[in-house]
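The primary structure of each chain is shown beneath.
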Amino acid sequence: MQSSADFVLFNAGQLLTMASGREPLRGPRLRQIRILQDGGIAVGQGKILEVGKSSYIRRKFRANKEFDAGGRVVSPGFVDPHTHIVYAGDRLDEFELRIQGADYLEILHAGGGIISTVQKTRMATSDELVGEGMRRLDKMLACGTTTAEIKTGYGLDTQSELRMLRVIEELDKQHRVDIVPTFLPAHAIPTEYRERPDHYVDLVCREMIPAAWNWYRTSRFFSKRVPFFADVFCEKNAFDARQLRQILETACDLGFRLKAHTDEFTNLGASRVAIELGATSIDHLDEITVEDIEQLAASKTVAVVTPTVNFNSGALKFANARALIDTGCAVALSTDFNPGSAPCPSMPMAIAIACRYQRLLPSEAFASATINAAHAIGLGESVGSLEPGKSADFVVFDCNDFRQIAYEFGGSLILKVFKRGTEILRDQIDE
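Residues numbered from 1 in each chain as written. Predicted model: local features only at pLDDT ≥ 70, side-chain atom pairs only at ≥ 80, totals over all residues. Heavy atoms only, no water.

Caption draft 1: Layout of the overall build of the protein chain. Helices and strands together make up the secondary structure of the protein chain, namely 17 helices and 16 strands. Taken over the C-alpha trace, the protein chain has a radius of gyration of 21 Å; the compact-globule value for 431 residues is 22 Å, and the two agree within 12%. Here the protein chain, with 431 residues, has 61% of them falling under the buried criterion. Contacts in the protein chain between residues far apart in sequence, at least 24 positions, make up 72% of those at least 6 positions apart. Accessible area for the protein chain stands at about 16,900 Å²; split by element, carbon and sulfur atoms hold 49% of it. Taken as two groups, the 49 positive and 56 negative side-chain charges of the protein chain have centres that lie 6 Å from each other. (Helix = DSSP H or I, 4+ residues; strand = E, 2+ residues; numbered from the N terminus. Rg over C-alpha atoms; globule rule 2.2 N^0.38 Å. Buried < 20%, exposed > 50% of the residue type's maximum accessible area, 1.4 Å probe, protein only. Contact = heavy atoms within 4.5 Å. Areas by Shrake-Rupley, 256 points an atom, 1.4 Å probe, with all protein chains shown as cover. Lys, Arg positive; Asp, Glu negative; His and termini not counted. Charge placed at Lys NZ, Arg CZ, Asp CG, Glu CD.)

Structure representation (structure tokens):
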């Protein structure tokens, strides 16, 4: 007797399940991803009921709707674990300055960079921020992203940071991409505190973090059991390792899960502190040391690398993702979609860059952009792989070998995107 399903996908030439056994993939397992030939997926109430050979799935399940993938590649929806997409304005002038040789820290110290976006974001209305955020999420969805983290950090005062959280919540209400919120009031030292940064850190710990936690407890994220993260940008002209520890310890005591921007331009010892505090992820890692990599490999903290940032700046040096993987770290990929250092909505582009400049194999890059990225935002048990009980989020690509997605760049091979088993993005293909 057949079981009932709402939807069945069949005839996937390569079905990339990314099954990982409830842990991120590490070392050799990153390249030994599970690929099912002629695969099928049965979906019920938005979740995956079963994955298997097409003939088995169609024999076992009677579905209200079926889709023939036509021998194409099907993978989990991408998970982007590091974005800054709630902001106003642009940084086109700085783009030209960088082309002419100015570096990120020089621009930041001169009052540009993050601070210039803070000024524009403070002046924008909430409706304007929601509208721009929706358009950016549309771009990410068109590139196959079905779950994303979004940070605050362009407010840098209590009122503005809380408003950013409310905008992030509204985006989660309105858009089909699922969102995980991160509180990043320690993104830069605001102009009014430039000569007294410790006073700003005290404000973050005394007022902003408790206020954000109170917001979370009444938000839709809390009721949906979506984790809430606190983050710090540890860098010259921003926050040092001592300040990072103070902020993250304060957040952890309230119940936040932890993240940290570390070792992007300068190694200030932040990775060691964040790992010691049990951070879910540390991100960037261009200047991480061998000793820190070994500590990271022995921990549960996920290493999030952001190759789009280096590509955007024209840098020749990238985070040593090859060493991170070979040492045994859990590695994830992100776009770091933001107005300054990485105006990129595309996880396939991040994959393409990582394969070329960080020497990831396509299998390693795909795992880093799906199941490992899900673990980097605390959702490894609900998204990031095609396994029974997880959200039925998957992408159909116009190719029959997943390596083509890393090999080809500059266009899009994405034909369909399904969220909870419902088609939310489509191209014109024969069915």
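From this point, the narrative continues.
Caption draft 2: Here's a closer look at unusual backbone geometry. For Arg22, which is not glycine, the phi dihedral falls at a positive 70 degrees. Structurally, the position occupied by Arg22 is in the loop between β1 (3–16) and β2 (35–44). The exposed category is assigned to Arg22, whose relative accessible area is 59%. Non-glycine residue Arg225 carries a positive phi angle of around 60 degrees.

Caption draft 3: Broad picture of the sheet that holds strand β9 (residues 229–232). Pairing is parallel in the open sheet, where eight strands are placed in the order β6-β7-β8-β9-β10-β11-β12-β13. For this open sheet the edge positions go to β6 (78–80) and β13 (330–333), each flanked by a neighbour on one side alone. Adjacent strand axes in the sheet meet at a mean angle of 25 degrees, parallel and antiparallel pairs treated alike. Relative to strand β10 (residues 257–262), β9 is paired through two bridges, and the arrangement is parallel. Considered in β10, the bridge of Phe229 is made with Arg257. Strands in contact with helix α6 (residues 158–174) are β7 (145–151) and β8 (178–186); relative to β8, the strand with the most contacts, it is inclined by about 170 degrees. (Pairing = 2+ DSSP bridges. Axes fitted to C-alpha atoms, helices over the stretch in contact; angles between N-to-C directions.)

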